[in-house]
Structure formats: structure tokens, C-alpha cells
Amino acid sequence: MKRSAPDPGTRLDRRIGTADAVVMGLGSMLGTGVLVVFAPAAARAGIGLFVGLLLAAFVAYANATSAAQLAAVHPMSGGAYVYGRARLSPAWGALAGYAFVLGKTASCAAAALAVGAYAWPEHPRLLAVIAVVATTALNYLGVTKTVGVTRILVAALLIVLAVVVVTGFSAPGPDPTGARDIAPTLPGILGAGALLFFAFAGYARIATLGEEVRDPARTIPRAVLIALGITLVVYGLVGLAAVHALGVWRLAHARAPLVDVVSVAGHAWLTPVVRAGGAVAASAVLISLVAGVSRTVFAMGAERDLPAWLAAVHPVRRVPHRAELLVGAVTLGIVLLGGLVGAVAFSAFTVLLYYAVTNASALRLAPEERRYPRWLAGLGLLGCLALSFASPPQIVLAGSAALAVLLLVRIIVLRQR
């Protein structure tokens, strides 16, 4: 792709069109979620996981419309951090930024651990460390290379998921005489919805590229909705195929549901292919996430909500290189200390709070700036809060404490100034 000159109204190069923006969104959404989310969602809600999936998709749609409207008005890197500052207050913007950085860094770690679990189950952390280092180096080289690699990874993943869906529906299904059920409850469905929302959260990746997208007022709204629609269809088909092949009870206790689906269907020879596909999927997520988180860190550094030296742009590659190196280092720390499912739950809680600020910001849009009904942003705000606080209590406490500490530090620093 030909390198464009820097736009005079932006600090970064505008080199990404609609197709590449959709690919970047799919690279974030289609990946770690499809590998790990369906099992804990089934454990919480049973067959009600599909209600949770629809609920998560609706909240994601409301969030996407709010993010699309705001990104068209504020085409800058940072997402809800920028929107919250502009439409609510600097404190609300800081809360969104901290929630995004915490949640998405946890997602980076989850993706890296999934790479290790699928590609090298005997030594998952070692391979996760290698994946983080390689991804950080790739993003450091520039966003054009990131888009190209992500395009290949997403295509490979879609092929593997298609194989899983076809084999899953061809399976005879579980023995009904020995099957056990998990009764769906409202708290369980909400909890499953919170976990499944993790699968849809990648469209924020597109909004955070506001300063690198050509014609952002048109490109960003189209890209987020196209990517979200594709993801909903794919996740629905994969979930139905998994339930058909394994049944709810076995799915709830599966460590690698996609591998179990092809095995039960009598196609064990496909297991290496699915494992490779799982590693590819998680790699695609990791590549997109490291780039997205670093751009929010970049924007927060420019506004002094994080150290100012993080706002530096590489003079040749035109990427926020210091922010990317910091995100890579923090992700490595989480990989060495944390676990996969816990990282997913923590990410879902904090990212839902991030989108709550997005919807609250969209409620402040003027009529001439609005492209969707105001009530949709209101429902998105309520949905985000309901799903986030349906997370496990220990996750709610840990996430709330981390955000409170960051906000307290911010207040102390501002008073010292």
C-alpha cells in the first residue's frame, strides 16, 4: 500500500480504508472469545446462553451506534477517552481511558495465553511470552503491516470456524438419556451475556484508529456495523454447532470446545487443524489489541492523564512507539502471573464500563450530530451497567478497586500541579 503523507489535522498517517478497518475489527472480535467464552457461558446459563448472546449483541449494537456517531464527530485516537472528555468531563474521560487500558491489556494477556494453550499446551506461558514479544515488534513496525497480517489471520480463522460449524451440525448429538441440564436463570443469563460481550468488544479497535482512517466520518460508522454483523452471525453458528454436537453439559465443562466438537463428530484428524486455527485466531486478536490499547495510552499521554512521554510518535514509522512498548511490557507481566478465564472476565467488566461512558457521551450529542435515536444510547448505557455488575463478585471488586486507585492517583497529581 502506498504511504500517504500525514494529514495536517492529525498526528498520525491516514492509511486505512473501510475494508481494512473491518478486518481490524474482525481481528479483535473473532478470536479469543470463540475459543474460551462459550464454555463458561454455558456453565452459567445453560441453553440460556443464546439469550445471553442476543443480549450481548444488542448491547454491542447500541454501543457501536454510539461509538460510530462519536467517532464521526471526534475522529481522533482514543475512543471513549476522547468522547468522555469532550462530552462529559475530563474525569469521565479518564475513567473510560483507564477502564479501556485495564480491560484491553487483560484481553491481550488472554489472547497470548490462548495462543499458548492451543499451539503448545505443554508450555503455554512460554509460547505466550514469545507471542507478545513478536506482536509488539510487529506493531512497532507500523499499522500498514499490522493490517496486512491481520487480514491473513482473519481469513484463516473463518475457514477453520466454517469447518467446525459443518462438522458440528453433522454430529449425531449427545445421548439424551445421559444428558444433564443446567437451568437458565436471570442472573445466569446476565452473567453469560457479560462473558459473551467479550466476543463483540473489538469494534472499539476501529474507533481508536480515528487518526489513521481515511474519511473517518464515513468509514468508521460503516466499518463498526459491518464487523459487528459478521461477528454475530459467526458466533451464532459456532454456538449452535457446539450445543448440537456436545450438549449443554459437556460444553459447559469443555476446555477446548472447538476441538471437542470435531472429535465428537468423528473427525479427530481435524484436531491439529483446529488447534492451529485457535492459535491463529488468538494471534489475530493479540495483534489488533496491542495496537488499539497503545493508541489509547498515546491519547492519554497527550492529555497528561498518563505520563506525557507516552505521547511520542516515531519520526519515521509514524506510530506511538513508546505506548506500544509499554503495553507489551505490561501484557508480559499479566501473562506470567494471571490465568485465561479470569483475564476474560476482568476484561469484560472493565470494557463494559468503558462503553457505559461511550453511551453517556452519545446522549450529549446535538440533534444535528445524531445519526441514531437517543433512546438507543440510553438502552446501551443501562445494558452495559447491568451486564458489568453481573460479573463474578471478585471481578467486580478487583476491577472497581483498580479503577478507584487510578482515579485517586490522578486527583493527587492534578492537585500537586
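Just so we're clear, the structure is a prediction, and the values are computed from it rather than from any experiment.

Conventions used here
- Residues numbered from 1 in each chain as written.
- Predicted model: local features only at pLDDT ≥ 70, side-chain atom pairs only at ≥ 80, totals over all residues.
- Heavy atoms only, no water.
- Helix = DSSP H or I, 4+ residues; strand = E, 2+ residues; numbered from the N terminus.
- Rg over C-alpha atoms; globule rule 2.2 N^0.38 Å.
- Buried < 20%, exposed > 50% of the residue type's maximum accessible area, 1.4 Å probe, protein only.
- Contact = heavy atoms within 4.5 Å.
- Lys, Arg positive; Asp, Glu negative; His and termini not counted.
- Charge placed at Lys NZ, Arg CZ, Asp CG, Glu CD.
- Salt bridge = Lys/Arg side-chain N within 4 Å of Asp/Glu carboxyl O.
- pLDDT = per-residue confidence, 0-100.
- Phe/Tyr/Trp six-rings, centres within 6.5 Å; stacked < 30°, edge-to-face > 60°.
- Axes fitted to C-alpha atoms, helices over the stretch in contact; angles between N-to-C directions.
- Parallel < 35°, antiparallel > 145°, perpendicular 65-115°, else oblique.
- Left-handed = near helix turned anticlockwise from the far one by under 90°.
- Nonpolar A, V, L, I, M, F, W, Y, C, P; charged D, E, K, R; others polar.
- Disulfide = S-S within 2.5 Å.
- Expected span 1.5 Å × (residues − 1).
- Patch = residues over 30% accessible without salt bridge, like charges linked within 9 Å, V, L, I, M, F, W, Y side chains within 5 Å.
- Areas by Shrake-Rupley, 256 points an atom, 1.4 Å probe, with all protein chains shown as cover.

**Student:** Please provide a residue-by-residue account of the overall build of the protein, values included.
**Tutor:** Tallying secondary structure elements over the protein gives 17 helices and zero strands in all. Taking 2.2 N^0.38 as the reference for a compact globule, 417 residues should give roughly 22 Å; the C-alpha atoms of the protein span a radius of gyration of 20 Å, in line with that estimate. Each principal axis of the C-alpha atoms in the protein carries an extent, and together these give about 70 × 40 × 40 Å. When burial is assessed residue by residue, the protein has 59% of its 417 residues classed as buried. Once local pairs closer than 6 in sequence are excluded, the contacts in the protein between residues at least 24 apart make up 83%. Within the protein, one finds 32 positive and 15 negative side-chain charges whose respective centroids are separated by 4 Å.

**Student:** Describe the pattern of salt bridges, listing the residues and the values that go with them.
**Tutor:** Tallying each qualifying case throughout the model produces four salt bridges. For E369, the salt bridge goes to R87, with nearest N and O atoms at 2.9 Å. Highlighted residues: E369 in the loop between α15 (340–362) and α16 (374–388) and R87 in helix α5 (residues 80–87), separated in sequence by 282 residues. By relative accessible area, which is 22% here, E369 ends up partly exposed. Beyond isolated ion pairs, a larger network of salt bridges with shared partners links R85, D305 and R410.

**Student:** So what about the confidence of the model for the protein? Which residues, and what values?
**Tutor:** Here the protein shows a mean pLDDT of 85. Residues at 70 or above account for 91%. Model confidence for the protein, summarised as mean pLDDT per element, is weakest for helix α10 (residues 204–207) at 66 and strongest for α16 at 96. A low-confidence stretch, residues 1–8 (pLDDT under 50), is modelled with 18 contacts involving residues beyond four sequence positions or located in other chains.

**Student:** Got a sec to walk through the packing of aromatic side chains? Specific residues and values, please.
**Tutor:** Evaluated as defined, the whole model comprises six aromatic pairs. Seen in terms of ring centroids, F197 and Y355 are 5.8 Å apart; in terms of plane orientation they differ by 80°. Their pairing is edge-to-face. Taken together, the residues F197 in helix α9 (residues 186–197) and Y355 in helix α15 connect sequence positions 158 residues apart. Judged by relative accessible area, F197 falls into the buried class, the value being 0%. An angle of 40° between the planes, with centres 6.0 Å apart, marks the rings of F200 and Y235 as tilted. Linking F200 in the loop between α9 and α10 with Y235 in helix α11 (residues 216–252), this pair joins segments that are 35 residues apart in sequence. On the accessibility criterion, F200 (0% relative accessible area) is buried. An aromatic cluster of at least three residues, connected via ring pairs, comprises F100, F197, Y354 and Y355.

**Student:** Now, about the packing of helix α13 (residues 271–302) against helix α14 (residues 321–337): what can you tell me, with residues and values included?
**Tutor:** Close contact between α13 and α14 brings their axes to 8 Å; oriented N to C, the two are set at 120°. Accordingly, the angle class assigned to the pair α13 and α14 is oblique. Pair α13 / α14 crosses with right-handed handedness. The residues of α14 that touch α13, namely those facing V290, V293, S294, R295, V297 and F298, are A323, E324, L326 and V327. Residues that form the contact of α13 with α14 fall into these classes: seven nonpolar, one polar and two charged.

**Student:** I'd like a rundown of the state of the cysteines, residues and numbers included.
**Tutor:** Across all of its chains, the model carries zero disulfides by this definition. Free of any disulfide, C384 has its nearest cysteine sulfur in C108, 20 Å distant.

**Student:** Requested: an account of the environment of L30, with residues and values cited.
**Tutor:** Among the secondary structure elements, L30 is positioned in the loop between α1 (18–29) and α2 (32–36). Taking the C-alpha atoms as reference, L30 lies 10.0 Å from L228; in sequence the two are 198 residues apart. Residues contacting L30, with those up to four places away along its chain left out, are L157, L158, T231, V234, Y235, A281 and V285.

**Student:** Quick rundown of helix α6 (residues 90–119)? Include the residues and the values.
**Tutor:** With 30 residues, α6 should cover 44 Å at 1.5 Å per step; its first-to-last C-alpha distance of 43 Å lies within 8% of that length. Burial analysis of α6 places 24 of its 30 residues in the buried class, which makes it a mostly covered element.

**Student:** Could you give an account of a nonpolar patch on the surface, naming the residues involved and the relevant values?
**Tutor:** A surface patch of nonpolar side chains, about 520 Å² in accessible area, is lined by F58, Y61, W375, L379 and L382. Those elements that place two or more of their residues in the nonpolar patch are α4 (49–73) and α16. Per element, the largest residue contribution to the nonpolar patch is three residues, and it comes from α16. Within the secondary structure, L379 is located in helix α16.

**Student:** Quick one: what's the story with helix α7 (residues 124–140), residue by residue and with numbers?
**Tutor:** The α-helix advances 3.6 residues per turn, and as a result positions three or four apart in sequence lie on the same side. For α7, which comprises 17 residues, the first-to-last C-alpha distance of 24 Å matches the rise-based estimate of 24 Å (1.5 Å per residue) to within 8%. Among the residues of α7, L127, A128, A131, V132, T135, T136, L138 and N139 are the ones counted as buried. Of the residues one or two after α7, G142 is the one with positive phi, at around 130°.

**Student:** Any chance you could break down the side chain of T105 for me, citing the residues and the numbers?
**Tutor:** For T105, the position within the fold is in helix α6. A relative accessible area of 5% means that T105 is categorised as buried. Setting aside chain neighbours within four positions, we find T105 in contact with F100, V293, V330, T331 and I334.

**Student:** For the packing of α4 against α15, give the residues involved together with the corresponding values.
**Tutor:** It is at 9 Å that the axes of α4 and α15 come closest, and there the two elements cross at 60°. Classified by the angle their axes make, α4 and α15 are oblique. Between α4 and α15 lies a crossing of left-handed hand. Side by side, α4 and α15 meet where A62, N63, S66, A67 and L70 of the first sit next to Y355, T358, N359, S361 and A362 of the second. Its residues assigned to classes, the contact of α4 with α15 comprises five nonpolar, five polar and no charged.

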